[in-house]
Amino acid sequence: MTKQPKYRQVADALRREIVNEVYRPGERLPSESELSARFDASRNTIRSGLGQLVSEGLISSSQGLGYEVRTHEVFELNASRFENLSFPQNGDAYSTDVTNAGRRPHQTFRVEILTAPADVAERLKVEPESRAVLRFCHRFVDDVPWSTQATYYPSWLADKAPRLAEPGDIAEGTTRYLADRGIEQVGYFDEITTRMPTPDEARLLEIGAGIPILIWTRTGYSEDRPIRCTVTTFRGDLNRMTYEIGDLSARSENEPQ
């Protein structure tokens, strides 16, 4: 079996120690000179090994401060319950889920009328170059950037539900607001993809090197046509998405008390 390059041996050893919490989240790693002595390797080899862990999102580097284990307090989103009006809500779905997790929600809004992107127009089944209302949210959990959410509504829907085009939050959530106006979302189609962030996405979500993003596109439908397309972009290191499908009573019964 071919022996691993030295820098990978360094990365593998430190990765195991991070996973086993020899070095805990927020803790600094030993200096390059200390690691060089420990592994009997050059400083360049040590830097390459540390760079591997930076690219994996396990550690971060600061000029003059060395390397630190990243803090990963993961937020779990139950996507099958999200926006489901049969479950109790306190405000919109995002605020409800974050508050129920014992954490603090905060979000900013931008509302504009624009030409729907081609892929959105296709999902909304409207003509290319059609106008749409964009409601854009920048969302935080405990003041840490959590996601951005861009929801596009076809212009015909904004005529029936004018608050969609007004600035600011819709406190009860847009799904509930539309249902109260007789426009009920009866189903949705989800698409989930991952990729590396663009510079703008990395800036908004404060993503370091090596961290991918998770993109969740949900198209919502009334009984006869699409009524919105929501594109949510999450930090890949701080989020986990779950679904509940079918009868899960056995899972609940077998969970430890």
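Residues numbered from 1 in each chain as written. Predicted model: local features only at pLDDT ≥ 70, side-chain atom pairs only at ≥ 80, totals over all residues. Heavy atoms only, no water.

Student: When you look at the packing of helix H2 (residues 32-39) against helix H3 (residues 43-55) in this model, what are you seeing that I'm missing?
Tutor: For any two helices packed against each other, one specifies the crossing angle of their axes together with the interaxial distance. The geometry of H2 relative to H3 is characterised by a closest axis approach of 9 Å and an angle of 105° between their N-to-C directions. Between H2 and H3, the angle falls in the class roughly perpendicular. Here Glu32, Ser33, Leu35, Ser36 and Phe39 of H2 lie close against H3, whose contacting residues are Arg43, Ile46, Arg47 and Leu50. Across the contact of H2 with H3, the residue classes tally to 4 nonpolar, 2 polar and 3 charged. (Axes fitted to C-alpha atoms, helices over the stretch in contact; angles between N-to-C directions. Helix = DSSP H or I, 4+ residues; strand = E, 2+ residues; numbered from the N terminus. Parallel < 35°, antiparallel > 145°, perpendicular 65-115°, else oblique. Contact = heavy atoms within 4.5 Å. Nonpolar A, V, L, I, M, F, W, Y, C, P; charged D, E, K, R; others polar.)

Student: Help me out: how do you make sense of the sheet that holds strand E9 (residues 226-235) in this one?
Tutor: On the basis of which strands lie adjacent, the open sheet formed by 6 strands has the order E4-E5-E6-E9-E8-E7 and antiparallel pairing. The two strands at the open ends of the sheet, each matched to only one other strand, are strand E4 (105-115) and strand E7 (187-195). Taken pair by pair, the neighbouring strands of this sheet meet at an average axis angle of 15°, ignoring direction. Note that strand E6 (residues 144-154) and E9 share 6 bridges and pair antiparallel. Looking across to E9, one finds that serine 147 is bridged to phenylalanine 234. Set on the sheet, helix H4 (residues 93-100) makes contact with E4, strand E5 (131-141) and E6; between it and E4 the angle comes to about 160°. (Pairing = 2+ DSSP bridges.)

Student: When you look at the pattern of salt bridges in this model, what are you seeing that I'm missing?
Tutor: Two side chains bearing opposite charge may form a pair once their charged atoms approach each other closely. Tallied over the full model, the rule gives 17 salt bridges. A salt bridge links arginine 38 to glutamate 17, with the nearest nitrogen and oxygen atoms 2.6 Å apart. Within this pair, whereas arginine 38 is found in helix H2, its partner glutamate 17 is found in helix H1 (residues 6-19), the two being separated by 21 residues in sequence. Look at arginine 38 and you get partly exposed, because its relative accessible area is 42%. The salt bridge partner of arginine 43 is glutamate 32, with a shortest N-O separation of 3.2 Å. With a gap of 11 residues between them, arginine 43 in helix H3 and glutamate 32 in helix H2 connect regions that are remote in the sequence. With relative accessibility at 40%, the residue arginine 43 sits in the partly exposed group. (Salt bridge = Lys/Arg side-chain N within 4 Å of Asp/Glu carboxyl O. Buried < 20%, exposed > 50% of the residue type's maximum accessible area, 1.4 Å probe, protein only.)

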